[in-house]
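Read off the chains here:
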Amino acid sequence: MQVEAQAIPEVKLIIPARFGDSRGWFSETWSASRMAANGLNHDFVQDNHSLSAQIYTLRGLHYQAPPFAQTKLVRVASGRVLDVAVDVRPKSETFLKWVAVELTAAAGEQLLVPKGFLHGFLTLEPRTEVLYKVDAPYSGEADGAIRFDDPTIGVDWGVDPANIVISEKDAAAPYFTDWSNPFEGWSGDEP
Ligand SMILES: Cc1cn([C@H]2C[C@H](O)[C@@H](COP(=O)(O)OP(=O)(O)O[C@H]3O[C@H](C)C(=O)[C@H](O)[C@H]3O)O2)c(=O)[nH]c1=O
């Protein structure tokens, strides 16, 4: 398993080994012991799976507020996505910085998105399926979003916004300047 810190060091690109043979391949897509051996100790409690039928479907930028903040381990089972994590911990040195990483079913890359981050992805193929583990249960009350095209954050999604497919909920999300940050006081040392 390869683990590569990204420009925001707490965000990790993880590439599990694949064992190929004449039938295809096998991979341990998640192993608590292999993660712990890399200092990544997360007690995941829920698996999520979404299918996005259309190319350029964008789900995000989402978070769950404390005490339901989630660490996410994201991977693609079919298709490709541009996966984005935005640091919204006000005391973090990388506050409002973002990273964008292409995750593909073909290579099996995974992105570890810590608590205190917004998360979103843009599909780069039709019928893209995204699987991800989270270490806190879903809470509709704690669920929140910021506009994917927020100018303060400035994520470069690489496509014309006119071509992006988003939910009504995401279209109605606030911009950062209108947002009440539930991670006030967070620096990144939170458990
Ligand atoms: C996230 C979630 C949703 N739901 C229900 C709530 C709605 O009835 C329906 C669709 O939810 P939503 O539109 O929030 O789904 P996404 O737009 O894919 O949201 C997710 O997409 C981004 C990329 C994320 O990182 C989050 O995990 C999550 O916010 O599933 C549940 O029952 N459990 C859940 O854990």
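Residues numbered from 1 in each chain as written. Predicted model: local features only at pLDDT ≥ 70, side-chain atom pairs only at ≥ 80, totals over all residues. Heavy atoms only, no water.

Where an unreviewed UniProt entry is consulted, the protein chain appears under the name dTDP-4-dehydrorhamnose 3,5-epimerase, with the organism given as Pikeienuella piscinae.

A.B. asks: Explain the layout of surface pockets to me, please; I cannot follow it from the model alone.
C.D. replies: Once rolled over the atoms, a probe with the size of a water molecule shows which space is left empty. Size it by volume and the largest pocket reaches roughly 430 Å³. Here the lining of the largest pocket gets five residues from one element, more than from any other, and that element is strand β6 (residues 58–64). The residue inventory of the lining of the largest pocket, partitioned by class, reads eight nonpolar, eleven polar and five charged. (1 Å grid on protein atoms, 1.4 Å probe; cavity = no way out; pocket = protein on both sides within 12 Å on 5 of 7 lines; lining within 4 Å. Points joined across faces, edges and corners; volume = space filled by probe spheres on them. Helix = DSSP H or I, 4+ residues; strand = E, 2+ residues; numbered from the N terminus. Nonpolar A, V, L, I, M, F, W, Y, C, P; charged D, E, K, R; others polar.)

A.B. asks: I'm lost on the site of the ligand in this one. Help?
C.D. replies: Near the ligand you find Q46, N48, R59, H62, K72, H119, F121, Y132, Y138, D143 and K169, and these make up its full shell. A distance of 3.0 Å separates an oxygen atom of the ligand from a polar side-chain atom of Q46. Separating an oxygen atom of the ligand from a side-chain N or O atom of K72 is a distance of 2.8 Å. Against a free-state accessible area of 650 Å², the protein chains account for coverage of 65% of the ligand. (Near = heavy atom within 4 Å. Polar contact = N/O pair within 3.5 Å; in protein donor to acceptor, adjacent residues only side chain to side chain. Areas by Shrake-Rupley, 256 points an atom, 1.4 Å probe, with all protein chains shown as cover.)

A.B. asks: It is not clear to me how the nonpolar core should be interpreted in this structure. Could you clarify?
C.D. replies: General note: in soluble globular proteins, nonpolar side chains tend to be found buried as a group. With 25 residues, the main nonpolar core has V86, L118, L122 and W157 as its most contacted residues. Secondary-structure elements contributing two or more residues to this core are β6, β8 (80–87) and β11 (117–123). Each residue touching L118, except ones within four places of it in the same chain, is listed here: L61, H62, Y63, V84, A85, V86, V88, V113, I146 and I153. Counting 19 residues, the second largest nonpolar core, distinct from the first, contains V81, V99, F121 and Y132. (Core = buried A, V, L, I, M, F, W, Y, C linked by side-chain atoms within 4.5 Å. Buried < 20%, exposed > 50% of the residue type's maximum accessible area, 1.4 Å probe, protein only. Contact = heavy atoms within 4.5 Å.)

A.B. asks: Got a minute to help me understand the environment of W98 in this structure?
C.D. replies: The residue W98 is located in strand β9 (residues 98–104) in this model. Among the residues examined, W98 registers a relative accessible area of 28% and is labelled partly exposed. Sequence-wise, W98 and N163 are 65 residues apart; in three dimensions their C-alpha atoms are separated by 22 Å. Look past the residues within four positions of W98 in its chain and what remains in contact with it is I8, A85, V86, I153, G154, V155 and D156. One polar contact links the side chain of W98 to the main-chain carbonyl oxygen of I153, over a distance of 3.2 Å.

A.B. asks: In this structure, what is going on with the confidence of the model for the protein chain? I would like to understand it.
C.D. replies: Interpretation of this model should avoid reading the predicted coordinates in detail wherever pLDDT is low. Chain-level pLDDT for the protein chain is 97 on average; 99% of the residues reach the 70-or-more range. Prediction confidence for the complex, expressed as pTM and ipTM, is 0.97 and 0.98 respectively. (pLDDT = per-residue confidence, 0-100.)

A.B. asks: Hey, could you run me through the packing of aromatic side chains in this one?
C.D. replies: Any pair of aromatic rings gets described here by the distance separating the centres and the angle formed by the planes. Overall, the coordinates contain six aromatic pairs when judged by the stated rule. Arranged with centres 6.1 Å apart and planes meeting at 75 degrees, the rings of W30 and F44 form a pair that is edge-to-face. With W30 in the loop between β4 (24–26) and α1 (32–37) and F44 in the loop between α1 and β5 (46–52), the pair connects residues that are 14 residues apart, well separated along the chain. With relative accessibility at 34%, the residue W30 sits in the partly exposed group. The class for F44 is buried, based on a relative accessible area of 17%. Aromatic pair Y63 and F183: ring centres 6.0 Å apart, planes at 70 degrees, arrangement edge-to-face. Residue Y63 is located in strand β6, and its partner F183 is located in the segment after α2 (168–171); the two are separated by 120 residues in the primary sequence. On the basis of relative accessible area, Y63 is assigned to the buried category, the value being 10%. The class of F183 is buried, set by a relative accessible area of 1%. Positioned above the aromatic ring of W25, the side-chain terminus of R18 is 3.7 Å from the ring centre. (Phe/Tyr/Trp six-rings, centres within 6.5 Å; stacked < 30°, edge-to-face > 60°. Lys NZ or Arg CZ within 6 Å of the ring centre and 35° of its normal.)

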